[in-house]
Structures are given as C-alpha cells and as structure tokens.
Amino acid sequence: MERRQFRAPRGIRDVLPEEIPAWRLLEETARGLAHLRGYREIRPALLEEVELFTRSVGEVTDIVQKEMFTLQKGESALALRPEGTAGIVRAYLEAGYASAAPLQRLFHIGPMFRYERPQKGRERMFTQFDVEVLGSLDPRLDAEVVFLAAAFFESVAIKIKVPGFRIERGELEVRMNSMGDGDDRNRWKEAVRSFLAPTMAEHCELCRARFERNVLRVLDCKNPRCKELNAGAPAILEYLSAENRAHFERVQEYLRVLGLPVVIDSSIVRGLDYYTRTVFEVHAPALGARSALCGGGRYDHLIAELGGPELGAVGFAVGFTSTLLLLNELKRIDPKETVFDEIPALVFVVGAGEGLESEVFRLAEDLRKNEISAVYDVEQRSLKAQMKLAGKGGHRYAVVLGGEELARGSVQLKELQNGEQHELPRAGIVAHLRAREV
Ligand code: HAM
C-alpha cells in the first residue's frame, strides 16, 4: 500500500508542546479563580445521547441542526458534545445532587465539538472553560458568574509576564440582556415577528430561514444590511414582567457593588434555546465580527426539562481559541517568544567516553526518582557535542560521568550558565542539587 502522511481533520488542531505554557496559564487561572469561589471541578462525558442536545440546546438551533458530530452505534445515536451545559445538568441529575445537595458550583475545562465552517477563531474542536451554578434563582449568582468571567480575562492578562501587558479598558466589553421568561418572552417574540415581517424579503437567506425556525436569531445576524433592517426592533426590556425586570435590575445592582461596568445590549439573544432571563457575552471588539470570547446566562427550566425538579441555574463558557487569539491580536505577546516559560529539565546527564550508556541511563533515572528532572543523549554524541546540546537546551546543570569518575564513585557537576565545575561524590549529588535549588 502506498505510504501517506496524515493531517489532522479540517478545523481540528493539536496543541504542541511550545503552546502548552500558554494553555496552562489559561487552565491554571481558570482553576484558581474557580476554587477561590468554591467551585468544584467536574469532568462530564464527551459523548452523550443526541437527544440530550435536541432537548436542551434546541431542535431548531444551528448547533443541533448543522453542527453536531454524531455517530450511530447499535441502537444508540450519540453525539460528541457541542457544549458543556447539557451534559453537566445530566450528570448533576444522575449523581443525585438535585435532591441531596441542590446548590452546586461546578466548573469544567475541556474540548467541545461543532461542525462549523473553520475560520479565524472558530474550530471544529475547541476548548471551553465552563462554569455552572445549579440549584438557585438568586440574582447574586448571575452577578457572581458574570464577574468571574470578567475576572478570568483580567487575571490572564495580569499573569502574562510582559512589562505593561494588561487588557485596557474598552478592549473588553461585558454585554448583558434579559431574555425574559414565559409570557413576557412570548409577547416579545410576537412583537419581533410583526416588526420583521414587512422587511423579511430584504434580509439575507439565513435570516429568512431563521425567521421561520427561531425568529429571535434574526436579531443576531452580523450582515450589515440585516443589521440596518433590525435596528429599532422591539427590545425585550419593554416587555419584561415586573418580576423578571426586578431580577435583571438586581443583577445589575450586584455588579455595581463589585464595580464591574457592563453594557446593556438588547441584541444579545444567544444561539442556544435554554436561556431565560439574564444572558451575557464578553466581547473583544478588536477581534471584529467574531468577537465573542465568552457567552452564558440563566437557564431556569433546563433541570426540569431534563427530568429533574424546577431549579434555577446560571453559567457561562469561555472559549480558549478566541482568548488566545485576543492575546496575540493585541500584539503584546508573540507566541514564539517565550513569555510563557517552558521549563527544560534541570540536569543533562553527559557520558564522557564509550561504554557508559547504562551508567548514564541509571544516573538519570536515579535523579528522576528523587524529583530532579533529567535527560540524556541517545545519539552517542561526542563529549563536546553533548555539552553543546546541554547548553542549547536551557538546562541548568550538566552532570558529567566519565570512566575515571566512575572508578572514583564521583561525577563532575557543571553549572551551564557560568561554566563553574567541580567534582562531587555520586551519592551526594541529589542532596547537593536540592540544597542549591531551594
Ligand atoms: P456558546 O456561546 O455557544 O455558549 O460558546 C461559548 C464560547 O465558546 C463562545 O463565546 C466562543 O468563545 C467559544 N466557541 C463556541 N464555538 C466555538 C468554535 N467553533 N470554535 C472556537 N470557539 C468556540 C455555550 O457553549 C454555553 N454552553 C455557555 C453556557 C454555559 N451557558 C450557560 N452555561
């Protein structure tokens, strides 16, 4: 058979070791902020029944209609999860939390899959930092999660070790809206439909399809002509019931308490069906049309919809793809410049002379056993070439083992930055390195 080289499927990419420090920065920032607020990590399934998503995300959403990676195995129709909320609610109910301990603050970091047209900031496999608080209707929780989302972006920028790097005011915007709930939402939908109907023929094809399937999605169109036609559409805020209006006002009040500025934007309608009341997105205008870094909101009927009791819930997901894009776009970091430090092994074990392969091998493993990171040459290079390699690799020390040292039960320790070298007993090397590294 002819040999061929494979490439990752379209829209799917690897995170290579060079990129790992940036990824860890995002992951560790997310974890740290979540733990500080009492959120516990959950790792829900990657595969779920297709029906879980048609029921929750919504049958007439883009995600369910066009974007799910599905597979049929035997009797079951499964899908790679396109988002995290539905699976987390499923896991919450299956684990019995709804009755045992209904208030759960949960987070997850992991890959999601959507069969979208790959473009800048959009991939078919992408990672989200997903945060969900289940079991309460308290408006403080809406404010808590919005604040957590904003804190994530600020902290990432603060932790980047480039002098002066931070996200300036205006580079990120938290946009918030209420989707209402029940009657007020239905009245709003009807008003939007009546407003749009006369100009529908002038809208783009996608809008015309959305008008039939899910009229609110028309308001989300990015096409400039459609945006013009949508201007002046009825805003939900005029239709909100007294109770839902009060909830929305309290969320804003709590955000003022925390000092987070938000923009009320009636065009935020979200692309998933489960939302009720508060919805929000974090945008980076620098990224243009695809500027959403994060989206979320309240989903007060989803737990019941999936077979549980009537319990409120609110959450969001940050996309790592667009976050990394923003960090690069702001031109303050060059991904190839190591602002995120990759840490090379502390020690390069060098064999000086022939026939020392086993000794070098054993010494490296001895160091590792003692929590000292170590690597060695596997190409039978000359002493000089090994020393050069050790220097280029960014290691702190070369531990050189030659025939004479072996006979004396010692090694040469060379500090690679300043070239200082001395001999020390092989049995003392671990203690010596530990003493110098603390
Ligand atoms: P979403 O708005 O569909 O919401 O996705 C959230 C974020 O994930 C987006 O703002 C974007 O940054 C990122 N994202 C979405 N699709 C892609 C893609 N194809 N490639 C790269 N990044 C992408 C949700 O997923 C909800 N589950 C959020 C939520 C949690 N609502 C309540 N709780």
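Preceding this paragraph is the structure being described.
Residues numbered from 1 in each chain as written. Predicted model: local features only at pLDDT ≥ 70, side-chain atom pairs only at ≥ 80, totals over all residues. Heavy atoms only, no water.

*Asks:* Looking at this structure, I do not really get the overall build of the protein. What am I missing?
*Replies:* Scanning the protein from terminus to terminus reveals 16 helices and 16 strands. Compactness check: the protein gives a C-alpha radius of gyration of 28 Å against a globular reference of 22 Å for 438 residues, more than 25% above the reference. Considering only C-alpha atoms, the protein reaches an extent of 90 × 60 × 45 Å along its principal axes. When each of the 438 residues of the protein is scored for burial, the buried share is 49%. For the protein, long-range pairs separated by at least 24 residues make up 69% of all intrachain contacts whose partners lie at least 6 apart in sequence. For the protein, the exposed area adds up to about 22,500 Å²; of that, 51% sits on carbon and sulfur atoms. Where the 61 positive side-chain charges of the protein centre and where its 65 negative ones centre are 3 Å apart. (Helix = DSSP H or I, 4+ residues; strand = E, 2+ residues; numbered from the N terminus. Rg over C-alpha atoms; globule rule 2.2 N^0.38 Å. Buried < 20%, exposed > 50% of the residue type's maximum accessible area, 1.4 Å probe, protein only. Contact = heavy atoms within 4.5 Å. Areas by Shrake-Rupley, 256 points an atom, 1.4 Å probe, with all protein chains shown as cover. Lys, Arg positive; Asp, Glu negative; His and termini not counted. Charge placed at Lys NZ, Arg CZ, Asp CG, Glu CD.)

*Asks:* Quick question: what am I supposed to make of the site of the ligand here?
*Replies:* Close contacts around the ligand come from 28 residues, with E83, E116, E132, R270 and Y275 the closest. Measuring from a nitrogen atom of the ligand, one finds a side-chain N or O atom of E116 at 2.6 Å. One nitrogen or oxygen atom from the main chain of A292 is found 3.1 Å from an oxygen atom belonging to the ligand. For the ligand, the protein covers 97% of the area, taking 660 Å² as the surface of the free molecule. Looking at the shell around the ligand, the elements with two or more residues in it are β6 (125–134), β10 (292–298), β11 (313–319) and α12 (320–329). Residue contributions to the shell around the ligand peak at six residues, all from β10. Tallied by class, the residues present in the shell around the ligand amount to 10 nonpolar, 10 polar and eight charged. (Near = heavy atom within 4 Å. Polar contact = N/O pair within 3.5 Å; in protein donor to acceptor, adjacent residues only side chain to side chain. Nonpolar A, V, L, I, M, F, W, Y, C, P; charged D, E, K, R; others polar.)

*Asks:* Could you clarify how one ought to interpret the pairing of strand β3 (residues 70–73) in this entry?
*Replies:* A regular strand places its side chains on the two faces of the sheet in alternate fashion. Here four bridges tie β3 to strand β4 (residues 76–80), and the two strands are oriented antiparallel to one another. Directly across from T70, in β4, lies its bridge partner A79. (Pairing = 2+ DSSP bridges.)

*Asks:* Whenever I open this one, the environment of R250 confuses me. Can you help?
*Replies:* With respect to the helices, strands and loops of the structure, R250 is situated in helix α10 (residues 242–258). For R250, a relative accessible area of 40% translates into the label partly exposed. With 118 residues separating them along the chain, R250 and R368 place their C-alpha atoms 55 Å apart.

*Asks:* Got a minute to help me understand the packing of aromatic side chains in this structure?
*Replies:* We describe a pair of aromatic rings using the distance from one ring centre to the other and the angle between the two ring planes. Taken as a whole and judged by the stated rule, the model has 12 aromatic pairs. Aromatic pair Y92 and Y97: ring centres 6.1 Å apart, planes at 50°, arrangement tilted. For Y97, a relative accessible area of 26% translates into the label partly exposed. When the centroid spacing of 5.9 Å and the interplanar angle of 90° are considered together, the rings of F129 and F316 count as edge-to-face. Here F316 lies in strand β11 and F129 lies in strand β6, a separation of 187 residues in the sequence. Here F129 falls in the buried class, since its relative accessible area comes to 0%. Its guanidinium or amino end placed over the ring of Y39, R105 lies 5.8 Å from that ring's centre, counting from NZ or CZ. (Phe/Tyr/Trp six-rings, centres within 6.5 Å; stacked < 30°, edge-to-face > 60°. Lys NZ or Arg CZ within 6 Å of the ring centre and 35° of its normal.)

*Asks:* Could you clarify how one ought to interpret the sheet that holds β3 in this entry?
*Replies:* Adjacent strands of a sheet pair through backbone hydrogen bonds, lying either parallel or antiparallel. Taken together, three strands build an open sheet; the order of strands is β2-β4-β3 and the sheet is antiparallel. Either end of the sheet is taken by a strand with one partner, and the two such strands are β2 (47–49) and β3. When the angles between neighbouring strand axes are averaged without regard to direction, this sheet yields 35°. (Axes fitted to C-alpha atoms, helices over the stretch in contact; angles between N-to-C directions.)

*Asks:* What is the right way to look at the packing of helix α1 (residues 20–36) against α12 in this model?
*Replies:* Helices that pack against each other are described as a pair by the angle of their axes relative to one another and the distance between those axes. Packing of α1 against α12 brings their axes to within 11 Å, and their N-to-C directions diverge by 115°. At the point where α1 passes α12, the crossing takes the right-handed sense. Of the residues in α12, those in contact with A22, W23, L26 and E27 of α1 are F320, T323, L324 and L327. The class makeup of the residues in the contact of α1 with α12 is six nonpolar, one polar and one charged. (Left-handed = near helix turned anticlockwise from the far one by under 90°.)

*Asks:* Sorry if this is basic, but what is going on with the pattern of salt bridges here?
*Replies:* Where charged atoms of side chains with opposite charge meet at close range, the side chains can pair. Per the stated rule, a full pass over the model turns up 34 salt bridges. One salt bridge in this structure joins D138 and R140, with 2.9 Å as the shortest N-O distance. Taking the shortest distance from any N to any O, the salt bridge between E415 and R436 comes out at 2.2 Å. In this pair, E415 is assigned in strand β15 (residues 410–415) and R436 in helix α16 (residues 429–437), connecting sequence segments 21 residues apart. (Salt bridge = Lys/Arg side-chain N within 4 Å of Asp/Glu carboxyl O.)

*Asks:* Mind showing me how you'd approach the environment of L26 here?
*Replies:* You can see L26 is positioned in helix α1. The spatial distance from the C-alpha of L26 to the C-alpha of F129 is 8.9 Å, given a sequence separation of 103 residues. Here L26 is in contact with F152, V156, F320, T323, L324 and L327, once residues within four sequence places are set aside.

*Asks:* How should I be thinking about empty space enclosed by the protein in this particular structure?
*Replies:* If a probe as big as a water molecule is rolled over the atoms, it shows which places are left empty. Enumeration according to the criterion identifies one cavity of 30 Å³ or more in this entry. Reported here for the largest cavity is a volume of approximately 40 Å³. Surrounding the largest cavity, V60, T61, D62, R210, R213, N214, R217 and G271 form its lining. Residues of the lining of the largest cavity, tallied by class, amount to one nonpolar, three polar and four charged. (1 Å grid on protein atoms, 1.4 Å probe; cavity = no way out; pocket = protein on both sides within 12 Å on 5 of 7 lines; lining within 4 Å. Points joined across faces, edges and corners; volume = space filled by probe spheres on them.)

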